[in-house]
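# Chains, contacts and geometry: an overview
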Amino acid sequence: MEKHKRGMTRRDLVKRTATAATTFAIPTLIPSGVLAYRGRPGANDRIVYAHIGVGGMGHSHVVPDAAAICDANIARAHEVAKNQVQGNPLVCQEFRRILDRKDIDAVTIGAPDHWHAIMTVMACQAGKDVYSEKPVCKTIQEGQAMVNAKQKFNRVVQIGAQGRSNPNARAAAEFIRNGQIGRVTHVKVWHPLNMSGDGWGEEREPPSELDWNIWLGPARWRPYNPVYVDFAFRWMMDFGAGFIRDRGNHVLSIVSWCMGTDEKGPVSVEATGKQQPNSVFDAPVGMSVTWQFRNPDWTLTWDQPGEPETFPGQHEKIEWGAKYFGDRDTLIVSGGDGGCDTEQKAKDYHPQANQGIHLYWDSQVTANDPTERHRQNWRRCIKTRERTAMPIEIGYKVITLPIIANISYLLGRKLRWDPEGARFLNDEEANRLLVQPYRAPWHL
Amino acid sequence: MSVALQQASPEITEFLDKIKSPNGDIRMAAWQSAGPMGSAAIEPLGELAAGNDKGIAKAATEAMRVIAHHAARTGFREAGMVSSELLKIAASDKPIMVRSDALQLLGCIGNTRFVPGLVKLLADPKVQEEARMALERIPGIAPLDALQAAAKQAEADHSGFAQNLEQSLYNRTLTPTTVGTQLPKK
């Protein structure tokens, strides 16, 4: 019962009260203006949003009527509140203040990567719906916790893998899934090196506007160094773990869509990487990874930098993307995020109605920009409680690929993976790395 | 030069010379192939990891990581000896991050033999949190018993660290199907 109470949002409560009021015909309990009718949303249809982590992509999610803005950097939180929000939102560094607010229905999470899982889990437990930026999480256990929390507390959780709201990505996926290039045996992903530079930064006291303890959160303690924060946290294994888990989340999401492996996984992974010897950053600047899939058998490779491909008839090398090798044809898909593109032959292909594979597409959202479509899809699903374009269950399956690749890199050996059990076979040390103990007081 | 560096074998001395090279590519090639150097290289690498030259310290830290994971391969028996050397570093007066790195590796490759040494570090405010996390990660009954005993003692001492230990005990109860489903205690 306690779980049920905490899982109920202000909006749920108002709706239930409204339903009860209608059923029992006690009109004086609910003012008529509060109730909705077709064509005119009532006050109880308004979703109250708050935003946690508003640097980078985080600030792009901010709505003008946000109830709260939270960031470990309080100066940034105030700046976003001042420039992007009307009214007088709560501005804070501690996200639990947002979770404690019963009037807030939904949160976006744009904090650094090591925060995504625990914030999502705690938000679900507090009865909030969640839009969490990619990458989904750092460890397999975190992914399991996010799925469990979403399901147990009946939340709508969208992962910010915006390629799933991109029509070109969907066209590519339907083209491949409907056999237009034949049986696919190899998918090659290429991506530039990490953008981490040489140098060591300088360990020092954090600036007064930054709460370093909050920024670190569940990650093990280390002294503040200005090079860690903002975009560059991606190049630290404790926080971001390189492009393979960052943009890799995007491109591997599209690979999973195209190959129909949203509910499957590889049976082995082998990764190597190369660091920068004169840099504070410890994520490999480039990696080569091979995942093997079975039934059907196919191979997925990640090469960083790899050999960029070019769309037919064009000369410009594509910065990052994937090439699908079928036994009849090939297909190139660039990127994997909102800017994803593909070859014209896939865009021209449309499976016949009632035949072939038709993939998820939210025809009720109106935006043309895929990133905005993705947000609109989440907002719509909050109202309808439908599945989103990128639900956490699929997000967890996708992020498993780079997570186990990073473990293979760290351990320096090929690993066999049980996709159903979500464990490595015959490697106890590798299995210990499926879990990362958290610094207190944070726990899943 | 430290005793550890002076007493190293010719093979390890040659390896350490590469770790100390002013050329970053040479340092990286050395750390990437450090696995076979084994436990004998850990102590001198700990000295280098604690040094002031950041490039050499990084190379030494990465070399310890490579050696530890190499030692923990299934079917090999080197993990215990490497863990012993890592525990010495964790218990030393070296900089906190050097000790923290050693404890993180111990959590990955250590076994129940190292529980008493880790328990001692629970009383060291500088690394007690990292020692707790290492104990949390090592499978088996002994780490669990040690965490329970430490939590009980910390409770009796009215230590704020008791909550951290309780967190580890809680985490040890989690399974893939229960993690994320339990509401936080008020």
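Residues numbered from 1 in each chain as written. Chains lettered and ligands numbered in written order. Predicted model: local features only at pLDDT ≥ 70, side-chain atom pairs only at ≥ 80, totals over all residues.

### Here we look at the overall build of chain B
- When its secondary structure is counted, chain B shows 11 helices and zero strands.
- What you see in chain B, going N to C, is helices and strands ordered as α-α-α-α-α-α-α-α-α-α-α.
- Across the 186 residues that make up chain B, the buried fraction comes to 47%.
- Across chain B, contacts joining residues at least 24 apart in sequence account for 63% of those joining residues at least 6 apart. (Helix = DSSP H or I, 4+ residues; strand = E, 2+ residues; numbered from the N terminus. Buried ≥ 20, exposed ≤ 12 C-beta atoms within 10 Å, placed from the backbone. Contact = placed C-beta atoms within 7 Å.)

### Looking at the overall build of chain A
- Within chain A, the regular secondary structure consists of 13 helices and 15 strands.
- The C-alpha radius of gyration of chain A comes to 22 Å, within 12% of the 22 Å expected for a compact globule of 444 residues.
- For chain A, the C-alpha atoms occupy an extent of roughly 70 × 60 × 45 Å along the three principal directions.
- When each of the 444 residues of chain A is scored for burial, the buried share is 50%.
- Pairs at least 24 residues apart make up 66% of the contacts formed inside chain A by residues separated by at least 6 positions. (Rg over C-alpha atoms; globule rule 2.2 N^0.38 Å.)

### Structural notes on the packing of helix α5 (residues 54-71) of chain B against helix α7 (residues 96-109) of chain B
All names here are of chain B.
- Closest axis-to-axis distance for the α5/α7 pair is 10 Å, and the angle between their directions is 10 degrees. Judged by the angle between their axes, α5 and α7 are roughly parallel. Residues Thr61, Met64, Arg65, Ala68 and Ala71 of α5 lie in contact with α7, whose contacting residues are Asp101, Leu105, Cys108 and Ile109.
- Partitioning the contact of α5 with α7 into residue classes produces six nonpolar, one polar and two charged. (Axes fitted to C-alpha atoms, helices over the stretch in contact; angles between N-to-C directions. Parallel < 35°, antiparallel > 145°, perpendicular 65-115°, else oblique. Nonpolar A, V, L, I, M, F, W, Y, C, P; charged D, E, K, R; others polar.)

### Some thoughts on the packing of helix α6 (residues 79-90) of chain B against α7(B)
Residues and elements named next belong to chain B.
- Running from N to C, α6 and α7 point in directions that differ by 150 degrees, and their axes come no closer than 8 Å. Looking at the two axes, α6 sits roughly antiparallel to α7. When you trace α6 past α7, the crossing you get is left-handed. Every residue of α7 that contacts α6 at Ala79, Val82, Ser83, Leu86, Leu87, Ile89 and Ala90 is listed here: Val98, Arg99, Ala102, Leu103, Leu105, Leu106 and Ile109. (Left-handed = near helix turned anticlockwise from the far one by under 90°.)

### Some remarks on helix α3 (residues 74-84) of chain A
Residues and elements named next belong to chain A.
- Looking at α3, one finds that the buried residues are Arg76, Ala77, Val80 and Ala81. End-on, the buried residues of α3 take up no more than an arc of 135 degrees, which puts them together on one face. For α3, the exposed residues set more than 90 degrees away from the buried face come down to Ala75, Lys82 and Asn83. (Arc of directions from axis to C-beta.)

### Points about the interface of chain B and chain A
- With 37 residues of chain B at the contact, the number on the chain A side is 37 residues.
- Secondary-structure elements contributing two or more residues to the side of chain B that touches chain A are α3 (24-32), α5, α7, α9 (128-137) and α11 (161-172) of chain B.
- If one sorts the elements of the side of chain B that touches chain A by residue count, α5(B) sits on top with seven residues.
- Residue classes in the side of chain B that touches chain A are distributed as 14 nonpolar, 14 polar and nine charged.

### What about the domain arrangement of chain A?
All names here are of chain A.
- Segmentation of chain A into domains returns domain 1 (2-162) and domain 2 (164-359 + 392-432).
- If you list the elements that add at least two residues to the side of domain 1 that touches domain 2, you get α3, α6 (140-152) and β6 (157-160).
- With five residues, the top contributor of residues to the side of domain 1 that touches domain 2 is α6.
- Partitioning the side of domain 1 that touches domain 2 into residue classes produces 15 nonpolar, eight polar and four charged. (Domains from an automatic or database assignment.)

### Here's the deal with the sheet that holds strand β2 (residues 68-70) of chain A
Residue and element names in this part refer to chain A.
- Strands sit in the order β3-β2-β1-β4-β5-β6 across an open sheet of six strands; the sheet is parallel. Strands with a single pairing partner mark the edges of an open sheet, and in this sheet they are β3 (90-92) and β6. On average, each strand axis in the sheet is tilted by 15 degrees relative to the strand beside it, whichever way the strands run.
- Note that strand β1 (residues 49-52) and β2 share three bridges and pair parallel. Paired with His51 across the bridge in β2 is Ile69. (Pairing = 2+ DSSP bridges.)

### Focus: the pairing of strand β11 (residues 321-326) of chain A
Residues and elements named next belong to chain A.
- Sheet topology note: the strand β7 (residues 184-190)/β11 ladder contains six bridges and is antiparallel. Paired with Val184 across the two strands is Gly326, which belongs to β11.
- Summarising the sheet, β11 and strand β12 (residues 330-334) pair through five bridges and their orientation is antiparallel. Across the sheet, the residue bridging to Tyr324 is Leu331, located in β12.

### Focus: the pairing of strand β8 (residues 268-274) of chain A
Residues and elements named next belong to chain A.
- Here β8 shows a clear split, with Val269, Ala271 and Gly273 buried on one side and none of Ser268, Glu270, Thr272 and Lys274 buried on the other.
- Here β8 runs beside strand β9 (residues 286-293); their pairing, made up of seven bridges, is antiparallel. The residue bridging Ala271 from the neighbouring strand is Val289, located in β9.

### As for the sheet that holds β11(A)
Residue and element names in this part refer to chain A.
- Reading across the sheet, the nine strands line up as β13-β12-β11-β7-β10-β9-β8-β14-β15 and stay open at both edges, with mixed pairing between neighbours. Of all strands in the sheet, those with a lone pairing partner are β13 (341-342) and β15 (423-425), marking the two edges.
- Lying on the sheet, helix α7 (residues 167-177) is in contact with β7, β11, β12 and β13; it crosses β12 at an angle near 160 degrees.

### So, α7(A)
Residues and elements named next belong to chain A.
- Burial within α7 is extensive, with nine of its 11 residues counted as buried.
- Buried within α7 are the following residues: Asn168, Ala169, Arg170, Ala171, Ala172, Ala173, Glu174, Phe175 and Ile176.
- Summarising the contacts, the buried residues of α7 are in contact with β7, α9 (247-259), β11, β12, β13 and α10 (344-347).

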